[in-house]
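Understanding the architecture of this molecule
Given next are the chains, with one letter for each unit.
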Amino acid sequence: MKKQIIALSAMIAVAVSGNAQVDSTATKLDQVIVTASSKFDLQRKDSGKPVIKITRADIEAQRAANIADLLNQYAGIEINGSRSNAGQNQSYFVRGGNSRQVAFLIDGAQVNDPSNINGEFDLRLVDIDQIEEIEILKGAASTLYGANASTAVINIKLRKAPESGVRVSVASFIGTNKSREQANNGPDEYNNSVQLQGSTKSGFTYGAGLNHQSTNGLSAAESADDNVQFEADEFNRINLIGRVGYDNNKNLKVSSYLSFDEYVAEFDNGAFTDGDNETYSRQVRWGTNANWKYSDKGEIVYNGVTTATRRDTRSGFPSLYNANGISIDLYNKYTFQLTEESSLKTILGFNFKNETYEDFSIPFGSTEFAQNADKDNVNFQIYDPYFNVVYLSGTGFNVNAGARYNSHSNYDGKLVYNINPSYRFNLGENTLKAYASYSTAYITPSLFQLYANGFGNEELEPEENKTLEAGISWSKNSSSLGVTVFQREEDNLVQFVTVDPVNFISQYQNVEEELTARGVEVMGQTVLFDKVNLTANYTFTERENVPQLRRIPKHKVNASARVEVLKRAFLTARYQYNHQRADAFFDLNTFSTQNVELKSYQLVDLDATYKLNSKDVTFFAGVSNLLDEDYQEAVGFQTRGRTYKVGVRLGF
């Protein structure tokens, strides 16, 4: 039966005629503007890679979703932990890779948490109501975005100010948050948001935002005894942001933001094990963006961000982490007009990163924190010059190519490069495009992997990745279909290795084995009768000589249908299938690691929105896991059963 479902879902994905959700505007899909693949504004038809673009309209259509929920609906992406307790750790698996291979940007500047194991950014430190749009570039992109951009680059763009006047948005929803075994006997989740953006006639822009989320009702760990329910683990989150800027609407635009994001999450002792623990996470970010157009063809761009992160674990093994990061990307954009139709778009840039880290723990037999690592000794710097060129022939043949020299304070220099030709031709209203790329990436170990007390290894060497990708796409007006195949080779892998099982000693080490990941992605969308938006995608992912990937489905299907049932009233149905996966957990009874297989599962969600005619008021309601599916994302931890949400958004 499951195989039939997979086959049927894949057929739906192929039959539905995209690379993104349906845009709410009448813009033709091949004319949608994307920037992630080149840092230039290009029409999608001229981009040599299938960039995913999530617009504000897509976000508004799913008011109760979070960022991870949205990303999980796209081909090649699996964010594990997003369907569980709100405080569950999230892992970012893109094209069979791991969290350390994904680069996160906010307004073009790379953000992360140097105190995390992989240095990855926590998506819960941004509220979805603060976001204007998200662009996702899959595949190796170290040439443009530096270390860790191996499987994907996720660029979050913050809300823009209106061209004039003030815009205020107030949103609130309540919902249930229970497992399949629990009764939905009352609200467990509250989410409130206030956003303000404005601009003056003199060009001054400003903005502010506040979000608060409180979630209870669901335990992090799952009980192995069906007759025993563990205590619910609470999650509380606050996101604050303020923004000021200046735009003369001619040649200068400057914007700066300051954000404060924190959450407190209760967690258990591990798989199938209840506990009374708590973690506190806080990040303060200061980001600045500046664009100066010094001529009709040239522009200087500055994107920078400074982060200060604190993580405090309150358990039987308390720990404290402080980390700071600076990321600066400065580049010059210049377009050479070769002929009336052809052009050469060039980027010459410099990227700088600085990360520091310190941690504290309480030694055995003591009651006071002792410092294990200090920022003076635990830090690194990266200095990366790079260039990139995009040749647009005007006749359909385009080439995107570039190189970057990675200079790391701990390692020898490394050159990475990218070559990405594409060819597009038109057949009446139909646009066909074929593309291919070969890219290399360079993944330096995180500060945690290098210096963490008891686990770190200062002898670690960087990982190296090579990705080969090819695809073909078709589009016509609001319909499109795309197929992409990829293969990535990973060398010098950094893995957590048990070096002394008797004394329970483990360490991060480079392993000699080479890993090859490959896959196929099919993406489609269309609009029927001007009222029904259909999207679907199918992902196949595998690694050589590995029958099942840990927490990554070999087959994954997403499909959605959004229907205008009444004027200004929309109903959206979403379907997701995840194939069986491998997983493992440490058994406290046997003191050994147990390997398991997680069963495949299917999820069906329903969302409804209704906008008043006379006022900017939108009501929304949703049911997640409509069929009350019993499933696991991670062995020994709970997932949400059928849950409900209702809310309202007011605009002024």
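For every chain, the first residue of its written sequence is number 1, and the numbers climb from 1 along that sequence. Only residues with pLDDT of at least 70 are given local features in this predicted model, and only at 80 or more are side-chain atom pairs given and counted; all residues enter the totals for whole chains, interfaces and linings. Based on all heavy atoms of the structure, the side-chain values leave hydrogens and waters out of the count.

For the rest of this paragraph, the subject is the overall build of the chain. For helices the rule is a DSSP run of H or I covering at least 4 residues; for strands it is a run of E covering at least 2, with both sets numbered from the N terminus onward. Along its length, the chain carries 5 helices and 36 strands. Buried, partly exposed and exposed residues are distinguished by accessible area as a fraction of the type maximum, computed with a 1.4 Å probe on protein chains only: under 20%, between the cut-offs, and over 50%, respectively. When each of the 652 residues of the chain is scored for burial, the buried share is 58%. Between the averaged position of the 63 positive side-chain charges in the chain and that of its 78 negative side-chain charges there is a distance of 9 Å. His is not counted, nor are the chain ends; Lys and Arg add positive charge and Asp and Glu add negative charge. One atom stands in for each charge, and that atom is NZ of Lys, CZ of Arg, CG of Asp or CD of Glu.

A separate point is the environment of Phe104. Among the secondary structure elements, Phe104 is positioned in strand 6 (residues 102-106). We classify Phe104 as buried; its relative accessible area is 2%. Considering only alpha carbons, one finds Phe104 and Ile136, 32 residues apart in sequence, at a separation of 9.5 Å. Apart from residues lying up to four places away in sequence, Phe104 is in contact with Tyr92, Ala109, Gln110, Val111, Phe121, Leu123 and Ile154. Two residues qualify as a contact provided that any one of their heavy atoms is within 4.5 Å of a heavy atom in the partner residue.

This brings us to unusual backbone geometry. Not every positive phi belongs to a glycine, and Asn477 is a case in point at roughly 55°. Relative to the elements of secondary structure, Asn477 occurs in the loop between strand 24 (463-476) and strand 25 (479-491).

Another aspect to go through is the packing of aromatic side chains. Here the aromatic set is Phe, Tyr and Trp, taking the six-membered ring for Trp, and pairing holds for ring centres within 6.5 Å; pairs whose planes are under 30 degrees apart are stacked, those over 60 apart are edge-to-face, and all others are tilted. By the definition in use, this model includes 18 aromatic pairs. Ring centres of Phe104 and Phe121 lie 6.2 Å apart, and the angle between their planes is 50°; on these two criteria the pair is classed as tilted. With Phe104 in strand 6 and Phe121 in the loop between strand 7 (109-111) and strand 8 (131-138), this pair connects stretches of sequence that are 17 residues apart. Of the two residues examined, Phe104 and Phe121, each falls in the buried class. A connected cluster of aromatic rings, assembled from ring pairs, spans Tyr321, Tyr357, Phe448, Phe455, Phe496 and Tyr508. Between Arg404 and the ring centre of Tyr386, over which it is positioned, the NZ or CZ distance is 4.3 Å. Over a ring means this: the NZ of a Lys or the CZ of an Arg is within 6 Å of the ring centre and within 35 degrees of the ring normal. The ring centre of Phe570 lies 4.0 Å from the NZ or CZ of Arg562, which sits over that ring.

Turning next to a negative patch on the surface. The residues that make up patches have over 30% relative accessible area and no salt bridge, and they are joined within 9 Å when like-charged or within 5 Å when they are Val, Leu, Ile, Met, Phe, Trp or Tyr. In this description, accessible areas are obtained by the Shrake-Rupley approach with a 1.4 Å probe, and a residue is regarded as covered only by the protein chains that are shown. Salt bridges are defined by distance alone: a side-chain nitrogen of Lys or Arg within 4 Å of a carboxyl oxygen of Asp or Glu. Negative charge collects at one region of the surface, where Glu181, Asp225, Asp226 and Asp630 lie side by side. Along the chain, the position of Asp226 falls in the loop between strand 12 (204-215) and strand 13 (235-247). Exposure remark for Asp226: the relative accessible area of 70% places this residue in the exposed category.

Further remarks concern the environment of Arg314. Take Arg314: it is sitting in strand 16 (residues 298-314). What Arg314 contacts, discounting residues up to four positions off in sequence, is Asn277, Glu278 and Tyr280. A distance of 2.6 Å separates polar atoms of two side chains, one belonging to Arg314 and the other to Glu278. Engagement of the side chain of Arg314 in a polar contact is seen with the side chain of Asp312, the distance being 3.2 Å. What qualifies as a polar contact is a pair of N or O atoms within 3.5 Å, subject to a donor-acceptor requirement within protein and to the restriction that residues adjacent in sequence count only when both atoms come from side chains.

Let us now look at the pairing of strand 24. Going residue by residue along strand 24, you find Glu463, Asn465, Thr467, Glu469, Gly471, Ser473 and Ser475 tucked away on one face and Glu464, Lys466, Leu468, Ala470, Ile472, Trp474 and Lys476 left uncovered on the opposite face. Strands are labelled as partners when DSSP assigns at least two bridges between them. As paired strands, strand 23 (residues 430-443) and strand 24 are joined by 13 bridges and run antiparallel to one another. Residue pairing in the sheet places Ser439 in a bridge with Thr467 of strand 24. Note: strand 24 against strand 25, 13 bridges, orientation antiparallel. Counted as the bridge partner of Leu468 is Gln487 from strand 25.

Counting buried positions along strand 29 (residues 532-543) gives 11 out of 12 residues, so the element sits mostly inside the fold. Where strand 28 (residues 515-528) lies against strand 29, 12 bridges are found, and the strand directions are antiparallel. Following the sheet pairing, Met523 is matched in strand 29 by Asn537. Linking strand 28 to strand 29, which pair antiparallel, is a turn of 3 residues; within it Phe529 sits at a positive phi near 60°.

Ranked by internal contacts, the top residues of the largest apolar core, which has 35 residues, are Ile54, Leu71, Leu123 and Ile134. Beyond its immediate chain neighbours, meaning those up to four positions away, Ile134 contacts Ile52, Lys53, Ile54, Ile67, Leu71, Ile154, Asn155 and Ile156. Working definition of a nonpolar core: buried Ala, Val, Leu, Ile, Met, Phe, Trp, Tyr and Cys residues. They are joined through side-chain atoms within 4.5 Å. Counting residues in each nonpolar core, the second largest holds 19 residues, with Leu42, Ala141, Ala149 and Tyr331 among its members.

Pairing is mixed across the open sheet formed by 5 strands, whose spatial order is 3-8-9-6-7. Two strands lie at the open edges of the sheet, namely strand 3 (52-54) and strand 7, each paired on one side alone. In this sheet, adjacent strand axes meet at a mean angle of 25° when their direction is disregarded. Pairing between strand 6 and strand 9 (residues 152-158): 5 bridges, direction parallel. Bridge pairing in strand 9 places Leu105 opposite Asn155. Every axis in this analysis is a line fitted to C-alpha atoms, fitted for helices over the stretch in contact. Angles between the N-to-C directions lie between 0 and 180 degrees.

By secondary structure assignment, the location of Arg488 is in strand 25. Among the polar contacts listed, one links the side chain of Arg488 to the side chain of Glu490, at a separation of 2.9 Å.

Here we come to the environment of Thr498. If you trace the backbone, Thr498 turns up in strand 26 (residues 493-500). Separated by 34 residues in the primary sequence, Thr498 and Glu464 place their C-alpha atoms 23 Å from one another. For Thr498, the side chain forms a polar contact with the side chain of Ser506, separated by 3.3 Å.

Let's shift gears to the pattern of salt bridges. Taken as a whole, this structure holds 39 salt bridges when the rule is applied. Note that Arg83 is salt-bridged to Glu78, the shortest N-O span being 3.0 Å. Glu78 carries the same exposure label as Arg83, and that label is buried. Three or more residues joined by partner-sharing salt bridges are found here, namely Arg56, Glu60, Asp129, Lys611, Asp616 and Arg649.

Each residue carries a pLDDT score, the predictor's confidence in it, ranging from 0 to 100. Mean pLDDT for the chain: 90, with 95% of residues reaching 70 or above. Long-range and interchain partners of residues 1-27, a stretch whose pLDDT sits below 50, account for 73 contacts in this model, where long-range means more than four residues apart.

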